[in-house]
Amino acid sequence: MARSPHILLNAFNMNCVGHINHGLWTHPRDRSGDYNTLPYWTDLARTLERGLFDGLFLADIVGVYDVYQGNVDLPLREAIQLPVNDPLMLVSAMAAVTQHLGFGVTVNLSYEQPYLLARRFSTLDHLTSGRIGWNIVTGYLDSAARAMGLAGQAPHDERYDRADEFMDVLYQLWEGSWEDGAVLRDKARRLFTDPAKVHEVKHQGRWFQVQGYHLAEPSPQRTPVLFQAGSSGRGQRFAARHAECVFISPPDKATARRTVQSLREALVQAGRQPDDVKVFMGTAVVTGRTAAEARDLYADYLQYASRDAGLAHFAASVGVDFARYDLDAPVDYQPGQAIESARRSAQEHGWTRRKLLQLFELGGRYPAIVGDAQQVADELQSWIADTGIDGFNLSRTVVPESYEHFIDLVVPELQNRGVYKTAYEAGSLRHKLLGAGDRLPQRHAAAAFRRPAGD
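These numbers were taken from a predicted model, which means no experiment stands behind them.

A. Representation of the nonpolar core within the structure. With 82 residues, the main nonpolar core has Phe53, Trp134 and Phe406 as its most contacted residues. With residues up to four places along the chain from it excluded, the contact list for Phe53 reads Leu9, Asn10, Ala11, Leu48, Leu101, Leu394, Phe406, Ile407, Tyr420, Lys421 and Tyr424. If you look at the next biggest cluster of nonpolar residues, it comprises 44 residues, including Leu8, Tyr111, Ala145 and Leu434.

Next up, the structure:
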């Protein structure tokens, strides 16, 4: 599977007010407070398709950020991913007003059952004509575990062990329960489905016992495009077995380069090709018609951004209450059940509370690229050339203008350089991203669960 000649691009968003760059909901031009209305999302989908974005990547959490100061007061005041609505509910409406835009939706499998989740994704794959992807997460918030009736989260690596079995059950349902050609739709013979080509799944494992038939007929992709964001050792092994797209959020190019190289090596060890996975990096872009206009816009945004909100978000990500530390005091980044790669990165960089507040000047932890179209294009290309990533998850700042500015200014510049598509290819999201057809390749772990025709 060859590396794409074009930069891949997802919009990064969430079904809430404050996502990554916190505080910007207070900007007078920002419309993120309309997140709970359908026109907000259908307008966004049309805008992204106009810009030929590959997809809309929707994050999600099922808990609250209660680590900072030991409560949810700041998340509630600043709308730090609270309130947050279900992302899957948005997809059908956005798919109805677009033809090509893909949708990568986050679902935490730690609090799901594979049998019903398989049907939900098959349904969305049908309704989108093969444009659905799943960002697989195992969770990192103790608040979510408590809300789901548990004393706490399972240990980090055990969550991935359980996730491996979860995926095996899903593959049996998506790939093995219904053969190709099982659905006939033959009115004359009153034969909708050939019973001989539909098979019961019988799984008896450590965490799951499933006996039943997949409820949905085969969808265009069967298995949704598989996204994953784990960069820890165990998370990366999980990605090497399952993922087709990996999302990273490195603080610098050196870290990104090491992460990408380690992932490519893990893919080979898992029996796959090093380019079987497309790597997306999180970033924010503030652009204008001139460099001066971009700088002025960035300065304008800074007046509304909340560094404290960014710190509260990060506190939950690494499991550290920074409110307990003086500005320059060393922080004890002890291993825990939060995001291991984020904790390790913070520990390696020795980030104090003061340094983090400096990093979060735009309210979030992603590096911001500020400049005119030429400067932004230069920097995007530099990240790809220097690190080996394939594209970007572009986080929002002030909506809708942050995406509109990028589409109106940066996209034409990238197209002029020949590094961004000028039209969508036909086919499913998987084919658009990976260029190898609608279904998972034979070397993917899911292929082991496919049933030979007539078996």
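Now, onward.
B. Region of the structure containing the environment of Asp30. Counting through the fold element by element, Asp30 comes out in the loop between β1 (8-14) and α1 (38-50). When its relative accessible area of 11% is taken as the criterion, Asp30 is described as buried. Non-local contacts of Asp30, meaning those with residues more than four positions away in its chain, are made with Leu24, Trp25, Thr397, Val398 and Val399. Polar contacts involving the side chain of Asp30 include one to the main-chain amide nitrogen of Val399, which spans 2.9 Å.

C. The arrangement of the pattern of salt bridges in detail. Tallying each qualifying case throughout the model produces 29 salt bridges. Residue Arg146 is joined to Asp66 by a salt bridge in which the shortest nitrogen-to-oxygen separation is 2.7 Å. Here Arg146 is found in helix α5 (residues 142-147), whereas its partner Asp66 is found in the loop between β2 (55-59) and α2 (73-78), with 80 residues between them in sequence. Among the residues examined, Arg146 registers a relative accessible area of 45% and is labelled partly exposed. In this structure, Asp386 and Lys253 form a salt bridge, with 3.2 Å as the shortest nitrogen-oxygen distance. Taken together, the positions of Asp386 in helix α13 (residues 373-387) and Lys253 in helix α8 (residues 253-269) put the pair 133 residues apart, joining distant regions of the chain. Several salt bridges share partner residues, and in doing so they unite Asp161, Asp164, Asp168, Arg234 and Arg241 into one network.

Cut-off values and rules
- Residue indices follow the written sequence of each chain, beginning from 1 at its first position.
- With the structure being a predicted model, the display of local features is reserved for residues of pLDDT at least 70 and the display and counting of side-chain atom pairs for 80 or more, all residues being used for whole-chain, interface and lining totals.
- No hydrogens and no water enter the side-chain calculation; it runs on all heavy atoms of the structure.
- For our purposes a nonpolar core is just a set of buried Ala, Val, Leu, Ile, Met, Phe, Trp, Tyr and Cys residues, chained together by side-chain atoms within 4.5 Å.
- When a residue's accessible area, from a 1.4 Å probe over protein chains only, is under 20% of the maximum for its type it is buried; when over 50% it is exposed; and in between it is partly exposed.
- We call two residues contacting when some pair of their heavy atoms lies within 4.5 Å.
- Only runs of H or I of at least four residues qualify as helices and only runs of E of at least two qualify as strands under DSSP, and these elements are numbered from the N terminus.
- Any pair of N or O atoms that falls within 3.5 Å is considered a polar contact. Within protein, one atom must be able to donate a hydrogen and the other to accept it, and sequence-neighbouring residues count only if both atoms are side-chain atoms.
- What counts as a salt bridge is simple: a side-chain nitrogen of Lys or Arg found within 4 Å of a carboxyl oxygen of Asp or Glu.

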